[in-house]
Amino acid sequence: MSFTSMWDALAPVGRQADGGYGRFAWSDADLTLREWFAGEAAARGLDLVDDGNGNLLAWRGDTTRDDALLVGSHLDSVPGGGAFDGPLGVVSSFAAIDDLDARGVELDRPLVVGAFADEEGARFGIACAGSRLMTGSLDAGQALGLRDRDGLTLAEVLRARGRRPEDVGPRPDLLGRIGTFVELHVEQGRALDLDDGAAVGVGSAIWPHGRYRFTFTGRADHAGTTPMDERQDPMLTYAMTVLAANKQARLLGARATFGRVEVDPNGTNAIPSQVRAWMDARAADEGVLEDLVARVTSQAADRAGRDGTAVETTAESVSAEVAFDAALAAELSTLLDDAPVLPTGAGHDAGVLARHGVPTAMLFVRNPTGVSHSPHEHADETDCLAGVDALSRTIEHLAGAR
């Protein structure tokens, strides 16, 4: 199948009325995407392996060797996400195989197309859960106990989908067969568009980043009868914390975002008793990230003292900076006609495998809007095809018969 036909086949899956996507781990949409992946693998004679964590690996070549070239990305989305974040890398990988076959290119290394599970962490709150479980950087017991917004644990969801929770955990046997990983992804920013309009770039590093849960507690009361100066309103503390995060991130040249909030009792005419909010924080340097979180946490605690409320901060997940294989990045940049080499503030499964010791590279496809995690995320078809060509050339270069 062509890139366009594969892309068109995926377009309706999980699509919402506003054009965004809801492709969450183990949802009906996710299962449909898994069926699609299995069908594309079968159509190309690839051997499909499920690692027990939900990660799908489609193998071509000797599955016992330890130098396989892994390509691919993920298929899940954030709430209301765009079409390209994740699926572009998977579709491009199958399309690259088709291009290699059409050109009669023979490979000297096994080739694997991967679709990692729950990369976005939209359902259970842990990003890159599939790759982290596979590498052992996320404890299986901890993961199985995670709950979604409906209160269901991952273990319960897996059983309901006919899966075996006891199969969740590290897979050194599979990882030991991967020699290199190259993940193609839509750029989540405008660096390529602003750099003389290059269609494809090469990743250099992933910024350190983390997710932090702030729990603000106060006293529920009547919105109409409680004087303003007698309230213990956690919403006020939360609101100041959002503003503090914005200011401190700007001062430090970092990123801080409160994108999710839950309020109890969530009534229009009631002062809340509790507000839970999640901050996503990122910076180019680990020291800056730590400073940012410390400043926001300190200001939240100070404001809570003045509001008569309390605040507790929990780091749900924190990822250190990941530098991709510099020699490999330089090699691919040269191969791809001096493609720009650039860092990214977004997390990826490539970062998890790189931290685990797998030589890893990323290819980015230009996003003219710079918007991501939104229905406005976009990549022109000509740029997508340029990405397929770049990935095909990369595979031939790294795995082609000499």
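Here goes a summary of the coordinates provided.

**Some thoughts on the overall build of the chain**
- For the chain, the helix and strand inventory stands at 13 helices and 15 strands.
- For 402 residues, the compact-globule estimate of 2.2 N^0.38 gives 21 Å, and the chain sits close to it at 22 Å.
- For the chain, the C-alpha atoms occupy an extent of roughly 80 × 50 × 40 Å along the three principal directions.
- Considering the chain as a whole, with its 402 residues, one finds that 53% of them fall into the buried category.
- Taking the intrachain contacts of the chain between residues at least 6 apart in sequence as the baseline, contacts between residues at least 24 apart amount to 77%.

**Looking at the pattern of salt bridges**
- Tallied over the full model, the rule gives 26 salt bridges.
- For Glu 316, the salt bridge identified is with Arg 213, shortest N-O distance 2.5 Å. Residue Glu 316 is found in strand β12 (residues 310-319), and its partner Arg 213 is found in strand β7 (residues 209-217); the two are separated by 103 residues along the sequence.
- The residue Arg 393 makes a salt bridge to Asp 389 at a minimum N-O spacing of 3.6 Å. Taken as a pair, Arg 393 and Asp 389 lie in helix α13 (residues 381-399) at a separation of four residues, close to a single helical turn.
- Arg 393 gets classed as partly exposed once you look at its relative accessible area, which sits at 26%.
- Relative accessible area serves as the criterion here: at 36%, Asp 389 is assigned to the partly exposed category.
- Here the salt bridges share partners, and the residues they tie into one network are Arg 260, Glu 262, Asp 264 and Arg 276.

**Some points on the nonpolar core**
- Membership of the largest hydrophobic core comes to 53 residues, with the highest contact counts inside it found for Trp 36, Phe 37, Leu 88, Leu 363 and Ile 395.
- Per-element tally for this core: the top contributor is helix α3 (residues 87-102), with eight residues.
- The residues contacting Trp 36, other than those within four sequence positions of it, are Met 6, Ala 9, Leu 10, Leu 75, Val 90, Val 91 and Phe 94.
- One finds Leu 57, Trp 59, Met 134 and Ala 350 within the second-largest nonpolar core, a separate group that totals 23 residues.

**Focus on the packing of aromatic side chains**
- According to the stated counting rule, one finds nine aromatic pairs in the structure shown.
- Considering the side-chain rings of Trp 7 and Phe 84, the 4.9 Å spacing of their centres and the 35° angle between planes classify their relative orientation as tilted. In this pair, Trp 7 sits in helix α1 (residues 3-10) while Phe 84 sits in the loop between β3 (68-74) and α3, placing the two residues 77 residues apart along the sequence. Considered together, Trp 7 and Phe 84 belong to a single accessibility category, that of buried residues.
- Here the aromatic rings of Phe 214 and Phe 258 are separated by 5.5 Å at their centres, their planes lie at 65°, and the arrangement is edge-to-face.

**Some remarks on the pairing of β7**
- Direction of pairing for β7 relative to strand β11 (residues 274-282): antiparallel, over a ladder of nine bridges. When the bridges of β11 are listed, Arg 211 appears paired with Asp 280.

**Topic: the sheet that holds β11**
- Reading across the sheet, the four strands line up as β9-β11-β7-β12 and stay open at both edges, with antiparallel pairing between neighbours. The open sheet has two edge strands, β9 (255-264) and β12, and neither has a second partner. The mean inter-strand angle of the sheet, taken between neighbouring strand axes irrespective of direction, is 15°.
- Its contacts with the sheet put helix α9 (residues 234-252) on β7, β9 and β11, and the angle it makes with β9 is roughly 170°.

Calculation criteria
Residues numbered from 1 in each chain as written. Predicted model: local features only at pLDDT ≥ 70, side-chain atom pairs only at ≥ 80, totals over all residues. Heavy atoms only, no water. Helix = DSSP H or I, 4+ residues; strand = E, 2+ residues; numbered from the N terminus. Rg over C-alpha atoms; globule rule 2.2 N^0.38 Å. Buried < 20%, exposed > 50% of the residue type's maximum accessible area, 1.4 Å probe, protein only. Contact = heavy atoms within 4.5 Å. Salt bridge = Lys/Arg side-chain N within 4 Å of Asp/Glu carboxyl O. Core = buried A, V, L, I, M, F, W, Y, C linked by side-chain atoms within 4.5 Å. Phe/Tyr/Trp six-rings, centres within 6.5 Å; stacked < 30°, edge-to-face > 60°. Pairing = 2+ DSSP bridges. Axes fitted to C-alpha atoms, helices over the stretch in contact; angles between N-to-C directions.

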